[in-house]
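Summary of structural features
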Amino acid sequence: MIYVAYGSNLNKAQMAMRCPKAECLGSRILGGWRLVFRGVADMHQESGAMCHVGLWRITDECEEALDRYEGFPSLYLKHYFAPQDGEPMMAYLMNSDGISMPPSYYLESISEGYDDFGLPKSFLGEALDWTLANQRGEGYLSKRYR
């Protein structure tokens, strides 16, 4: 399975702890998707948007570990992509529509992941700007980030 990471799972050190058998495959841009924050990272579909993501090849054990970490199926659901140029991919998308800024230590983890994958931090800045301008309702903040 190819797993699409866009938040804290871009951080290679954290993924090594959660999913030691995961193999980093590099990055790609998903057209029609935007990185947003609902307290924690999420993606939502938006025409004309772009989201930089990291790709991991994961095992069944990795997927089980990610299911626990992502709070599947309560907090996040799985979304499957069928790209025309390769294998199907899976990402976790939130079951929430609140928009709120992330805590700084969570954001730092994502920023390190952007460095790990060589992703342009300008897109992370755009996601934060969009989130700030569109805050509505409470986002989700896991106990581990409180």
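Shown above is the structure to which this text applies.
This is a predicted model, so every value here is computed, not measured.

Topic: the environment of N134
The topology assignment puts N134 in the segment after α4 (121–133). The partly exposed category is assigned to N134, whose relative accessible area is 29%. Taking the C-alpha atoms as reference, N134 lies 16 Å from W33; in sequence the two are 101 residues apart. A distance of 2.7 Å separates the side chain of N134 from the backbone oxygen of W130, its partner in a polar contact.

Digging into α4
For an α-helix the count is 3.6 residues per turn, leaving residues at separations of three or four pointing the same way. Look at α4: 18 Å from first C-alpha to last across 13 residues, which is about the 18 Å you get at 1.5 Å a residue. For α4, every residue scored as buried is listed here: F123, L124, A127, L128, W130 and T131. Each buried residue of α4 sits inside an arc of 160° when the element is viewed along its axis, so together they form one side. Residues D129, L132 and A133 are exposed on α4 and point more than 90 degrees away from its buried face. Packing partners of the buried residues in α4 comprise β2 (23–37), β3 (41–57) and α3 (104–117).

A closer look at the environment of K21
Along the chain, the position of K21 falls in the loop between α1 (12–18) and β2. Judged by its relative accessible area of 52%, K21 falls in the exposed class. When the C-alpha positions of K21 and V36 are compared, they lie 28 Å apart, and in sequence the two are 15 residues distant. Those residues in contact with K21 that sit more than four places away from it in its chain are R57, T59, E61 and C62. A polar contact is formed between the side chain of K21 and the side chain of E61, at a distance of 2.8 Å.

A few points about the sheet that holds strand β5 (residues 89–94)
Spatial strand order, β2-β3-β1-β5-β4: 5 strands in an open sheet with mixed pairing. Of all the strands in the sheet, just β2 and β4 (76–81) have a single pairing partner and so form its edges. Along the sheet, successive strands turn relative to each other by an average axial angle of 35°, direction set aside. Where β4 meets β5, 6 bridges bridge the pair, whose relative direction is antiparallel. Note that in β5 the partner of K78 across the bridge is Y92. Packing against the sheet, helix α2 (residues 60–70) makes contact with β1 (2–5), β4 and β5, and its axis sits at approximately 15° to β5.

Reading guide: rules and limits
- Residues numbered from 1 in each chain as written.
- Predicted model: local features only at pLDDT ≥ 70, side-chain atom pairs only at ≥ 80, totals over all residues.
- Heavy atoms only, no water.
- Helix = DSSP H or I, 4+ residues; strand = E, 2+ residues; numbered from the N terminus.
- Buried < 20%, exposed > 50% of the residue type's maximum accessible area, 1.4 Å probe, protein only.
- Polar contact = N/O pair within 3.5 Å; in protein donor to acceptor, adjacent residues only side chain to side chain.
- Expected span 1.5 Å × (residues − 1).
- Arc of directions from axis to C-beta.
- Contact = heavy atoms within 4.5 Å.
- Pairing = 2+ DSSP bridges.
- Axes fitted to C-alpha atoms, helices over the stretch in contact; angles between N-to-C directions.

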